[in-house]
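# Chain and residue survey
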Amino acid sequence: MATSTSLSTDHSSRQLLRHTVATLAYRAGKTLRDAPDSFAAFSTGEKGRTPAHILAHMGDLFDWALSIAKGKQEWHDSTPLSWPQEAERFFKTLQAFDDYLASGAPLPVSAEKLFQGPIADALTHTGQIAILRRMASCPMRGENYFRAEIVTGRVGQEQAAPVREF
């Protein structure tokens with residue numbers, strides 16, 4: 001039987017995970033928003049992924065995260081859709097994962113494992129897309145993310161306006 005301390009820790013861990021997912025939604029939303037259509041296929045000429053492939057992978061990460069959370073770990077490599085469709089898919093996968101975390105359903109793995117795997121990977125890929133935007137001559141504005149209005153549970157494409165960009 002779980003103790004009240006372990007239940008409290010589980011609740012705190014889930015809340016931190018959910019806030020992290022909301023932070024990812026905010027930051028990823030910024031990197032995806034207003035990118036020109038041509039950006040999806042941008043290539044550095046090296047062996048790296050295009051932005052469309054990175055975004056498809058990010059959606060796959062959250063399909064995987066949800067399967068882990070449900071105790072049936074499955075991985076699928078998706079073929080990228082159009083940029084708008086892939087962005088929509090990504091946010092739907094975030095929403096499904098966040099909904100599961102919010103449900104209080106049991107997690108067969110620790111919150112730390114979920115963070116260190118799919119969530120941290122998606123944060124890294126969000127940074128890659130931001131760098132690729134600059135390389136593709138369509139940079140996004142920097143922002144003081146500490147001041148951003150990031151709300152647990154807000155994990156869709158619609159995000160608050162930036163508070164302080166530079």
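Keep in mind it's a predicted model, so treat the numbers as computed, not measured.

Conventions used here
Residues numbered from 1 in each chain as written. Predicted model: local features only at pLDDT ≥ 70, side-chain atom pairs only at ≥ 80, totals over all residues. Heavy atoms only, no water. pLDDT = per-residue confidence, 0-100. Helix = DSSP H or I, 4+ residues; strand = E, 2+ residues; numbered from the N terminus. Contact = heavy atoms within 4.5 Å. Buried < 20%, exposed > 50% of the residue type's maximum accessible area, 1.4 Å probe, protein only. Core = buried A, V, L, I, M, F, W, Y, C linked by side-chain atoms within 4.5 Å. Axes fitted to C-alpha atoms, helices over the stretch in contact; angles between N-to-C directions. Parallel < 35°, antiparallel > 145°, perpendicular 65-115°, else oblique. Left-handed = near helix turned anticlockwise from the far one by under 90°. Phe/Tyr/Trp six-rings, centres within 6.5 Å; stacked < 30°, edge-to-face > 60°. Lys NZ or Arg CZ within 6 Å of the ring centre and 35° of its normal. Nonpolar A, V, L, I, M, F, W, Y, C, P; charged D, E, K, R; others polar. Expected span 1.5 Å × (residues − 1). Salt bridge = Lys/Arg side-chain N within 4 Å of Asp/Glu carboxyl O.

Quick look at the confidence of the model for the chain now. Of the residues in the chain, 95% have a pLDDT of 70 or more, and the chain-wide mean is 93. Averaged pLDDT values over the elements of the chain bottom out at 86 in helix 1 (residues 4-32) and peak at 98 in helix 2 (residues 51-69). Contacts from residues 3-8, a stretch scored under 50 in pLDDT, to residues over four places away or in other chains number one contact.

This part takes up the side chain of S67. Relative to the helices and strands, S67 resides in helix 2. Exposure remark for S67: the relative accessible area of 11% places this residue in the buried category. Aside from chain neighbours lying at most four places away, what touches S67 is K72, Q73 and E74.

Of all hydrophobic cores here, the largest spans 42 residues; its most connected members are L32, F62, F90, L94 and F97. Going through the elements one at a time, helix 1, helix 2, helix 3 (83-103) and helix 4 (111-135) are the ones with two or more residues in this core. Among the elements that make up this core, the one with the highest residue count is helix 2 (ten residues).

A word on the packing of helix 2 against helix 4. The N-to-C vectors of helix 2 and helix 4 enclose an angle of 165°; their axes lie 10 Å apart at closest approach. With respect to their mutual orientation, helix 2 and helix 4 come out roughly antiparallel. Considering how the two elements wind past one another, helix 2 and helix 4 form a crossing that is left-handed. Across the interface between the two elements, P51, I54, L55, H57, M58, L61, F62, W64, A65 and I68 of helix 2 pack against L114, G117, P118, I119, D121, A122, H125, T126, Q128, I129 and L132 of helix 4.

What follows covers the packing of aromatic side chains. For the structure shown, the criterion picks out six aromatic pairs. Their ring planes at 85° and their centres at 5.7 Å tell us that W64 and W75 sit as a pair that is edge-to-face. In this pair, W64 is assigned in helix 2 and W75 in the loop between helix 2 and helix 3, connecting sequence segments eleven residues apart. The rings of F62, F90, F91 and F97 are connected pair by pair, giving a single aromatic cluster. A cation sits over an aromatic face here: R27 above Y145, 3.8 Å from the ring centre.

Close contact between helix 2 and helix 3 brings their axes to 9 Å; oriented N to C, the two are set at 20°. Put simply, helix 2 runs roughly parallel to helix 3. Pair helix 2 / helix 3 crosses with left-handed handedness. Contacts between helix 2 and helix 3 involve P51, A52, L55, A56, M58, G59, D60, F62, D63, A65, L66 and A69 on the former and, on the latter, W83, E86, A87, R89, F90, T93, L94, A96, F97 and Y100. Residue composition of the contact of helix 2 with helix 3, grouped by class: 16 nonpolar, two polar and four charged.

Here the focus is helix 2. Taking 1.5 Å as the rise per residue, helix 2 with 19 residues should run 27 Å; its terminal C-alpha atoms sit 27 Å apart, in good agreement. Positive backbone phi, approximately 80°, marks G71, located one or two places after helix 2.

Further remarks concern unusual backbone geometry. Positioned with a positive phi, D34 is a non-glycine residue whose angle comes to about 65°. A residue is classified by how much of its surface remains accessible, and D34, at 69% relative accessible area, is exposed.

Another point: the pattern of salt bridges. For the structure on display, the rule yields ten salt bridges. Among the ionic pairs, D98 bridges to R18, the shortest N-O distance being 2.8 Å. Here R18 lies in helix 1 and D98 lies in helix 3, a separation of 80 residues in the sequence. Here D98 matches R18 in class, with each residue buried.

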